[in-house]
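Architecture at a glance
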Amino acid sequence: MSEISFGDNYSDISENTGFQFEFYCEHCRDAWRTPYKKYLAGSASNFLGTASSMLGGIFGSASNVADQLRDAGYKAAHDKAFQEAVQEAKDHFHRCRRCSNYLCGQCYNPNLNLCTACAPSIEEEANVAAREAEIEMA
């Protein structure tokens, strides 16, 4: 069984006419959104639904058939779009080898393959300590 990537740090913002997902850094919460991918069966269903509400008759029957076809194929198309989105997101995020969180480039130390929470920057920690000392002296 394969590993589940991005299990809790994404939002599904798909519609019935297309798919789009938003992934975010588990440290700073900065987001990256996939490009919108149209789902043509959903577009056809919306068009026929509009036509049936205006004209009725044959368009109403066509709309019902299109809805059934869309529902049957939507889940498979959605799953495929999500798998593709996860592969794209892997180019934008890094996984910490200690805590296993997915992080943006700002929250990840590529030299250590760790996030900045697991392995804080020595320079930043020294700057924070120096600043705290200044405040205490004042």
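Residues numbered from 1 in each chain as written. Predicted model: local features only at pLDDT ≥ 70, side-chain atom pairs only at ≥ 80, totals over all residues. Heavy atoms only, no water.

Below, the discussion takes up the packing of aromatic side chains. Enumeration over the complete set of coordinates arrives at eight aromatic pairs. When the centroid spacing of 6.4 Å and the interplanar angle of 20° are considered together, the rings of F23 and F82 count as stacked. Of the two residues, F23 is situated in strand β3 (residues 21–24) and F82 in helix α2 (residues 58–89); the sequence distance between them amounts to 59 residues. Taken as a pair, F23 and F82 share a single burial class, namely buried. Plain terms: the ring middles of Y39 and Y74 are 5.5 Å apart, the flat faces sit at 80° to each other, and that makes the pair edge-to-face. Taken together, the residues span a long stretch of sequence, with Y39 in the loop between β5 (37–38) and α1 (40–55) and Y74 in helix α2 at a distance of 35 residues. The exposure class assigned to Y39 is buried, which follows from its relative accessible area of 11%. Aromatic ring contacts, followed pair by pair, group Y10, F21, F23, W32 and F82 into a single cluster. (Phe/Tyr/Trp six-rings, centres within 6.5 Å; stacked < 30°, edge-to-face > 60°. Helix = DSSP H or I, 4+ residues; strand = E, 2+ residues; numbered from the N terminus. Buried < 20%, exposed > 50% of the residue type's maximum accessible area, 1.4 Å probe, protein only.)

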